[in-house]
Amino acid sequence: MITSNPFAELATVIPPAVMQAYVVLMVILVAGGTIFDMIHKKNAKYFFENAKKAQASAKRSVGGGEKLGLMVKTIGKEVLTAGEFANSQRRISHLFMMYGFIVFVVTSAILIFAHTAQGAQTPAILPLLWHLGALSLAVGGYWFWFAIRVDLSSEGRPLFSVARADMFILSLLAMSTFALLWSFTQGAGALGWLFFVLFIAGTTTLFGTVYWSKFAHMFFKPAAAYQKRVTRADGSAENLPTITRDDPVQQQRHSLELLRDAPMDMGLGIKREAPHHY
């Protein structure tokens, strides 16, 4: 079952051209929503203006080779391994969702565009990856929804309270969950078609609401992370003050004499325990 192409069976009812047109429409919605989001929030304008300010206050010049190295580090940490997450559970959940989403979307496109024609032979690995991608997306998404959401775990909100900010994760969960259910119930009559309709509804909501969700930040986040590394390398430090207690001179300027000789590492502080005092 998990090695058969669900879209090939669907092609006996819905023409492949219709499925392909739907995929193209989703790409257009993502591109349009991202562009409108950038225009509305002025992300790109802020990014380039901030980069110019940082360049003007740079203490040293960063060469092309060093920039390439910083780009590789950004891809390796912030993109491929989600290293910016201090919470290990949040990081693992994010990786499940990220790689699951990529595998699911890429294999969906391949299966629809290359393996829905009559008589087309589908390599078993592609449907297998499609199902595993959907499963990974669902595992990471449900893990986040039921165990990691900050308003649930730290602020005591009811488990099933929903706000507009939850539209992104809920549509992801709907897409992955109903994709699997639709695949497993193909040929089951009305039940299979119900899951298919819900799968399309979740997918359309996800890609059609990019303007109102956090989807667009996936394109801006790596660029922002790279620019942050560049500002640290050239000394501009994002135009933020760099004075800290780590500097012995600044330590002697502390307003509380008791803390002048205090160790730099004074313990976990508020990180000593998770916030559960709502």
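Note: the structure precedes this text.
Residues numbered from 1 in each chain as written. Predicted model: local features only at pLDDT ≥ 70, side-chain atom pairs only at ≥ 80, totals over all residues. Heavy atoms only, no water.

A. Up close: the overall build of the chain. Counting secondary structure elements, the chain contains 11 helices and zero strands. Ordered by position from the N terminus, the helices and strands of the chain form the series α-α-α-α-α-α-α-α-α-α-α. Of all 278 residues assigned to the chain, the portion counted as buried reaches 36%. Considering only contacts in the chain between residues 6 or more positions apart, those separated by 24 or more positions represent 68%. Total accessible area computed for the chain in this model is approximately 16,800 Å², and 68% of it derives from carbon and sulfur atoms. (Helix = DSSP H or I, 4+ residues; strand = E, 2+ residues; numbered from the N terminus. Buried < 20%, exposed > 50% of the residue type's maximum accessible area, 1.4 Å probe, protein only. Contact = heavy atoms within 4.5 Å. Areas by Shrake-Rupley, 256 points an atom, 1.4 Å probe, with all protein chains shown as cover.)

B. Main features of the nonpolar core. Ranked by internal contacts, the top residues of the largest apolar core, which has 36 residues, are Phe-7, Phe-101, Met-175, Trp-182, Leu-206, Phe-207 and Phe-215. Taken together, the elements giving at least two residues each to this core come down to helix H1 (6-10), helix H2 (16-41), helix H5 (88-114), helix H6 (125-148), helix H8 (167-184) and helix H9 (190-208). Here this core takes eight residues from H8, the largest share from any one element. For Phe-215, the residues in contact, after removing those within four places along its chain, are Val-30, Phe-101, Phe-168, Leu-206, Phe-207 and Val-210. The next biggest cluster of nonpolar side chains, apart from the first, holds five residues, and it includes Val-62, Leu-70, Val-230 and Ala-233. (Core = buried A, V, L, I, M, F, W, Y, C linked by side-chain atoms within 4.5 Å.)

C. Here's a closer look at the environment of Leu-172. Among the secondary structure elements, Leu-172 is positioned in helix H8. Ignoring anything within four residues of it in the chain, the contact list for Leu-172 reads Phe-101, Leu-137 and Leu-206.

D. A look at a positive patch on the surface. Together, Lys-77, Arg-91, Lys-228 and Arg-232 give the surface a local cluster of positive charge. Tracing the chain through its elements places Lys-77 in helix H4 (residues 64-79). (Patch = residues over 30% accessible without salt bridge, like charges linked within 9 Å, V, L, I, M, F, W, Y side chains within 5 Å. Salt bridge = Lys/Arg side-chain N within 4 Å of Asp/Glu carboxyl O. Lys, Arg positive; Asp, Glu negative; His and termini not counted. Charge placed at Lys NZ, Arg CZ, Asp CG, Glu CD.)

E. Highlighting the packing of aromatic side chains. In total, this model carries 13 aromatic pairs according to the counting rule given. Considering the side-chain rings of Phe-104 and Trp-130, the 5.3 Å spacing of their centres and the 35 degrees angle between planes classify their relative orientation as tilted. Taken together, the positions of Phe-104 in helix H5 and Trp-130 in helix H6 put the pair 26 residues apart, joining distant regions of the chain. The exposure class of Trp-130 is buried, given its relative accessible area of 0%. Residues Tyr-211 and Trp-212 carry aromatic rings whose centres are separated by 5.2 Å and whose planes lie at 90 degrees to one another, so their mutual orientation is edge-to-face. A connected cluster of aromatic rings, assembled from ring pairs, spans Phe-7, Phe-104, Trp-130, Trp-182, Trp-193, Phe-196 and Phe-199. (Phe/Tyr/Trp six-rings, centres within 6.5 Å; stacked < 30°, edge-to-face > 60°.)

F. Just the packing of H5 against H8, in detail. Between H5 and H8, whose axes approach to 12 Å, the crossing angle comes to 55 degrees. Taken together, H5 and H8 sit at an angle that is classed as oblique. Both H5 and H8 take part in a crossing whose hand is left-handed. Residue-level inspection shows Met-97, Phe-101 and Phe-104 of H5 in contact with H8, the latter providing Ile-169, Leu-172, Met-175 and Ala-179. Here the residues of the contact of H5 with H8 are counted per class, giving seven nonpolar, no polar and no charged. (Axes fitted to C-alpha atoms, helices over the stretch in contact; angles between N-to-C directions. Parallel < 35°, antiparallel > 145°, perpendicular 65-115°, else oblique. Left-handed = near helix turned anticlockwise from the far one by under 90°. Nonpolar A, V, L, I, M, F, W, Y, C, P; charged D, E, K, R; others polar.)

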